[in-house]
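# Residue-level structure breakdown
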Amino acid sequence: MKELLTGNEAVARGAYEAGVVYASAYPGTPSTEIMETIATYKGDIIAEWAPNEKVALESAIGASIAGARTLASMKHVGLNVAADPLFTFAYTGVNGGMVIISADDPGVHSSQNEQDNRNYAKFAKIPMLEPSDSQEAKDMVRYALEISEKYDTPVLMRMTTRVCHSKSLVELAERNNVPKKPYVKNLQKYDAVPAVAKILREKIEERLKKLEDFSNETELNFIEMNDSKIGVIASGVAYQYAKEVFKDGASYLKIGFSYPLPMKKIKEFASKVETLYVIEELDPFMEEQIKAAGIKCIGKEKIPAMGELNPDIIAKNLLGKENRVIEYDRSIVAKRPPVLCAGCPHRGFFYDLTKRKDIVITSDIGCYGLSSQPPLNAKDTSICMGAGFSMAHGAQKVFNKFNEKMKTVAVLGDSTFFHSGITSLLNAVYNKSNAVFCILDNRITGMTGHQENPGTGFTLQGDPTVITDIEKVVRALGVENVRTVNPLEISEMKDAMDWALSNEELTVIITKWPCVLKKLSQKDKDDFGDYKGLCYVDDNKCIGCKICIKTGCPALKYDKKLNKVSIDKTQCVGCKLCVQVCPKKAISKVGE
Ligand code: SF4
Ligand code: SF4
């Protein structure tokens, strides 16, 4: 039976069919749907959200050593977080097979950077697979687990945005209930103390040689001979793009197993074609190795090393063919950067911050990162998850040393707090920081699409669980100055921030209100009530002062001709933030 699946859904199906028993991840575009789909195989696979990628990988390592086939998935930057266990697990090897999915984001569609995680395979000395469509994504999970068990190594599988989110037909199969391997205590394998690690280090080199032999033999790397004038070596989605451009007018060496590279097969292919192109998305990962082996080829001289690749770029750069595109006047297109939603509880918090002087706002990665957009402009930095808190601490220390009257205000969300904010906060407590740390708890992992987290009361597979109380955690870490406030109550927010900024010690403000888009649980309804509704503007009272517009709520519209503000009924949720800021009491909630 065939089904139309995205690459992410296909990976999940592959895990199911290949007998994966345990899977863990932290959500992040473009990888999120892998674990959301695996979660639907409840009963066969234990699927979990971990608080961060390092924990996800470490949990999967435990499951592998216990003897089960396992999977860990993450977006590209997540592998940076998980790199520590990865590099040592590459030494110890597996018991049950392990595949690690890295979903890279060429073109930086929804990330803070662009990185080519194929480099991690080479760096960690582990094998790597690169699917180019959904069928391959599914099949390669099985291959990866078999390679993992045969060569005693974790295997990296690199997806990219286009493979993750495009749909293609996939042939489905039954689940292969692979028996769990027995757990065997083996300190010479799993206890990576220096004496053991030295021996394992040598074994890795032997393993890489065997893997290169495998790479030359495996059907994952295959040659399609057509016209011999042009030869193309390509991997991942770049292979699909190359085929779209050259069709039968070129021969191909399709690389599915891309580390270690099949150098014998590459030499053989290169000897049969006149001009050899290496087409790959982002870094010259294959090209550099091919050139280092003395094989003449053309790669990044013609194919860009940054941004998302597509067939038009290949056709233009290699064949000089330009596809006709519809031209339009870009200057008249309104720029619509993403903004905080109408009714977003973070708006009240940031609205207060816009009024403050002499503060540096170190943000983290999440919806609240959108606070840099006008009219709020309430953000100074954004580096990676957890960094907002740590950076605030470092900056505050420097401001203090030089007697500058500057205060740092760090901002992160509930999920980010669990991800890596806890350790950053602990560092600040330990090192006697006096910055202001703010945790914007909107009761869900917002930006990645509403995944559960340790604070929400539910597991990924829908089971009720313990709700971790953020305020209690903060106090337990040693913070004495803590306040939890409703960010939509402007006076409450202002009081808390006045208090925090005047405090000489580390202070934590927790804003607690559910994301406006959240499907409320019974507990949410009990805690926050049913506040939703609609607000309207009384034209007779509105003087067009635009103070309400400064909240940045996209439901508010100012009409220049009338010099009045109105509220878009389809967007407003009646959070009443604008009601509180209007000096003329021109805004009211329907029914109040
Ligand atoms: S704040 Fe009130 S008076 Fe001023 S523009 Fe908005 S609705 Fe009109
Ligand atoms: S009440 Fe005001 S601030 Fe809240 S969503 Fe409606 S228009 Fe926006």
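Residues numbered from 1 in each chain as written. Chains lettered and ligands numbered in written order. Predicted model: local features only at pLDDT ≥ 70, side-chain atom pairs only at ≥ 80, totals over all residues. Heavy atoms only, no water.

Once that is clear, we can look at the sheet that holds strand 13 (residues 275-279). Ordered by their spatial adjacency, four strands build an open sheet running 9-11-10-13, and the pairing between neighbours is mixed. Edge positions in the open sheet fall to strand 9 (221-224) and strand 13, since each of these has one partner strand only. Here the average twist between neighbouring strands, direction ignored, is 15 degrees. Bridge count for strand 10 (residues 230-235) against strand 11 (residues 251-255) is five bridges, and the pairing is parallel. Directly across from glycine 231, in strand 11, lies its bridge partner serine 251. On top of the sheet, helix 11 (residues 263-272) reaches strand 9, strand 10, strand 11 and strand 13; it is set at about 170 degrees to strand 11, its chief contact. (Pairing = 2+ DSSP bridges. Helix = DSSP H or I, 4+ residues; strand = E, 2+ residues; numbered from the N terminus. Axes fitted to C-alpha atoms, helices over the stretch in contact; angles between N-to-C directions. Contact = heavy atoms within 4.5 Å.)

We now examine the pairing of strand 17 (residues 436-441). Burial runs high along strand 17: six of the six residues are buried. Because side chains alternate across strand 17, one face comprises the buried residues Val436, Cys438 and Leu440, and the other comprises Phe437, Ile439 and Asp441, equally buried. Alignment of strand 16 (residues 407-413) against strand 17, held across five bridges, turns out to be parallel. Bridge pairing in strand 17 links glycine 413 to leucine 440. In this region the chain leaves strand 16, passes through helix 16 (residues 414-430) and returns to the parallel neighbour strand 17; the handedness of that crossover is right-handed. One ladder, built from six bridges, connects strand 17 with strand 19 (residues 507-512); its direction is parallel. In the strand pairing of strand 19, cysteine 438 is matched with isoleucine 509. (Buried < 20%, exposed > 50% of the residue type's maximum accessible area, 1.4 Å probe, protein only. Right-handed = clockwise from strand over helix to strand, strands pointing away.)

Interhelical geometry of helix 14 (residues 346-354) versus helix 18 (residues 490-502) gives an angle of 55 degrees and a closest axis separation of 10 Å. Relative to helix 18, the element helix 14 lies oblique. Relative to helix 18, the crossing made by helix 14 is right-handed. Every residue of helix 18 that contacts helix 14 at Gly348, Phe349, Tyr351, Asp352 and Leu353 is listed here: Ile490, Met493, Lys494 and Met497. Along the lines of polarity and charge, the residues of the contact of helix 14 with helix 18 split into six nonpolar, one polar and two charged. (Parallel < 35°, antiparallel > 145°, perpendicular 65-115°, else oblique. Left-handed = near helix turned anticlockwise from the far one by under 90°. Nonpolar A, V, L, I, M, F, W, Y, C, P; charged D, E, K, R; others polar.)

This part takes up a positive patch on the surface. A contiguous patch of positive charge on the surface is contributed by Lys355, Lys546, Lys550 and Lys560. Position of lysine 546 among the secondary structure elements: in the loop between strand 20 (535-537) and strand 21 (556-559). Overall, lysine 546 belongs to the partly exposed group, its relative accessible area being 37%. (Patch = residues over 30% accessible without salt bridge, like charges linked within 9 Å, V, L, I, M, F, W, Y side chains within 5 Å. Areas by Shrake-Rupley, 256 points an atom, 1.4 Å probe, with all protein chains shown as cover. Salt bridge = Lys/Arg side-chain N within 4 Å of Asp/Glu carboxyl O. Lys, Arg positive; Asp, Glu negative; His and termini not counted. Charge placed at Lys NZ, Arg CZ, Asp CG, Glu CD.)

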